[in-house]
Amino acid sequence: MSVITENSVFTSLQQHGPMAVEDSINLAKPFSRQTRQWVKNLCRNKTNVTKYRALRGQIFEFLGINSFSELNDLLKQPDQLKVMNHRACTLLGKMFGFNGTVREIEARVSEYARTADAVINSLNGKILAPYASSIATTNEIEVANDPVTLLLIMFDNRYHKKARFEARRKLMLMNLAGSIDQRERETETEEKFLLFLHFLNDYVWSKSLKIGEHDIIYLHSQHAEEDFRCTEVKVLTAAEAKGVKTTKGTKLTLLKRRRFTAGKRDIPIYVSIRKKPPEAKVLKLLRKNEKNPAVAVDDELGLMAVLDSVADIKIFQHHLTRSASKADSFMVLEDISDTLTGSSPYRTTNTGSSPRTEMLKFFARLGGMRVEFIIHTNRTWLNYMFQKDVAHDEYEVKRIFDSGVMELLFPKDIFKLDHEMIRGDMIRRFRRRIEE
């Protein structure tokens, strides 16, 4: 479900809905023609009325007031801001289940604010890099890290419409960051990530290499003209790669590979191990139209592996199972999806993904952890990186725009952007960078 539909859980941030940020705000005139029209529009949908009442109650309780008319007095009392923020952060600390001194709680809430900023900055840094100046956050909002200040800005007519929207957006992203932090503490994600790394180093990887040591190789690949899929790939040593000159339709891609031992063989494997950063989890919640990390974020721990052949992949799967047993844990593979041969299409459950994607994907449950594994051959990994309509860079662009997240975070009427044009432009830019 798109985050900009009527049934979205992020209704309060939608600029085309009844809770849109207006050009101006006047708390002193609750019975103006503009306010009466707003109430009329709100009452067209009973769910929105319920959501509004809940949100209004939260604002009043958070600020310690009984009506919007009291906001004007708060805006004129900046000396009370520190006291109000102490109280607000204490309330948030209890809600998200962490304790500590007032300073410790405020520091954690400030961390949520930095995560909120990181969500926007991560988009500015890659997917929307050429348009960064158009969507840059207003300075006053970027430096505001306490929730009371941000909440009051929303109702302060001295601030431009864009700034008031960004204050609302930052508060919403901070709330998601808090939910994610609570989930990570409950599930001990950080500790499990370290345990997973220890498991790999102690039981999975070959002892012929030191921890962190890699073999450097290059993939020399040929690509089809029509869609840039990989048609042929050879593994070259670093010395062999020095004599290779790439031409149109060819790529030379560096890989740093580890090894695992199966029988008497040391089998090379490229591995990328990840723990999703908080900003990536926030974006996933938005794309999934979900506020509960326990429901939407099921891939907190992940490993991507690339091997030379399908036969080596099967050996690696068996090696994983045996390694788990050596670590005194049974291992179960769940939600298996295998499209490595291309005989069956990839089941696209995520917005923007391509049915032509080839990979082996499963979740491994072991040692109290559930880890996502994505496994490729050299050819399918190159397609995952470079093939038209399949490449991961293109997928990142499509899922941000097609899920409605772009419109939610950067609404057209505020940021004056043509989303369809930007979507096409960014895909063309990534294609040009890949193929050149």
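Summarised in this report is the structure supplied together with it. All values derive from a computational prediction rather than experimental measurement.

Reading guide: rules and limits
- Numbering of residues starts from 1 in each chain and follows the order in which that chain's sequence is written.
- Only residues with pLDDT of 70 or above have their local features reported here, since the model is predicted, and side-chain atom pairs are shown and tallied only from 80 upward, although totals for entire chains, interfaces and linings are computed over all residues.
- The basis for the side-chain values is all heavy atoms of the structure; hydrogens and waters are excluded.
- Helical segments are the DSSP runs of H or I of at least four residues, strand segments are the runs of E of at least two, and each set is numbered from the N terminus.
- Using a 1.4 Å probe on the protein chains alone, a residue whose accessible area is under 20% of its type maximum counts as buried, one over 50% counts as exposed, and one in between counts as partly exposed.
- Whether two residues touch is decided by their heavy atoms; if any such pair falls within 4.5 Å, the residues are in contact.
- Reported accessibility uses the Shrake-Rupley method at a 1.4 Å probe radius. Residues are deemed covered only where the shown protein chains occlude them.
- In this tally Asp and Glu are treated as negative and Lys and Arg as positive; neither His nor the chain ends contributes.
- One atom stands in for each charge, and that atom is NZ of Lys, CZ of Arg, CG of Asp or CD of Glu.
- Detection works on a 1 Å grid of protein atoms alone, calling trapped sets that fit a 1.4 Å probe cavities and calling open sets with protein on both sides within 12 Å along at least five of seven lines pockets, with lining residues defined by an atom within 4 Å of a point.
- Grid points are joined across faces, edges and corners, and a volume is the space filled by probe spheres set on the points.
- Any residue that is not Ala, Val, Leu, Ile, Met, Phe, Trp, Tyr, Cys, Pro, Asp, Glu, Lys or Arg is counted as polar, Gly included; the first ten are nonpolar and the last four charged.
- Think of a salt bridge as a Lys or Arg side-chain nitrogen and an Asp or Glu carboxyl oxygen that are within 4 Å of each other.

Turning next to the overall build of the protein. Within the protein, the secondary structure is distributed over 19 helices and eight strands. Per-residue burial for the protein yields a buried fraction of 49% across its 436 residues. Across the protein, the fraction of contacts at a sequence separation of at least 24, relative to all contacts at a separation of at least 6, is 69%. For the protein, the accessible surface area stands at approximately 22,100 Å², while carbon and sulfur atoms represent 51% of it. Each charge class in the protein was averaged separately, 69 positive and 56 negative side chains, and the resulting centres sit 2 Å apart.

Under the definition given, this model contains one cavity of 30 Å³ or more. Reported here for the largest cavity is a volume of approximately 40 Å³. The wall of the largest cavity is formed by Ala 116, Asp 117, Ile 120, Thr 137, Ile 141, Glu 166, Arg 169, Lys 170 and Leu 173. Sorting the residues of the lining of the largest cavity by element identifies α5 (102–125) and α9 (161–187) as the ones contributing at least two each. Sort the elements by how many residues they give to the lining of the largest cavity and α9 lands first, with four residues. Across the lining of the largest cavity, the residue classes tally to four nonpolar, one polar and four charged.

Under the definition given, this model contains 35 salt bridges. Arg 356 is the partner of Asp 389 in a salt bridge, and the nearest nitrogen-oxygen pair spans 3.4 Å. Highlighted residues: Asp 389 in the loop between α15 (378–386) and α16 (392–402) and Arg 356 in the loop between β6 (332–338) and β7 (360–366), separated in sequence by 33 residues. On the basis of relative accessible area, Asp 389 is assigned to the partly exposed category, the value being 33%.

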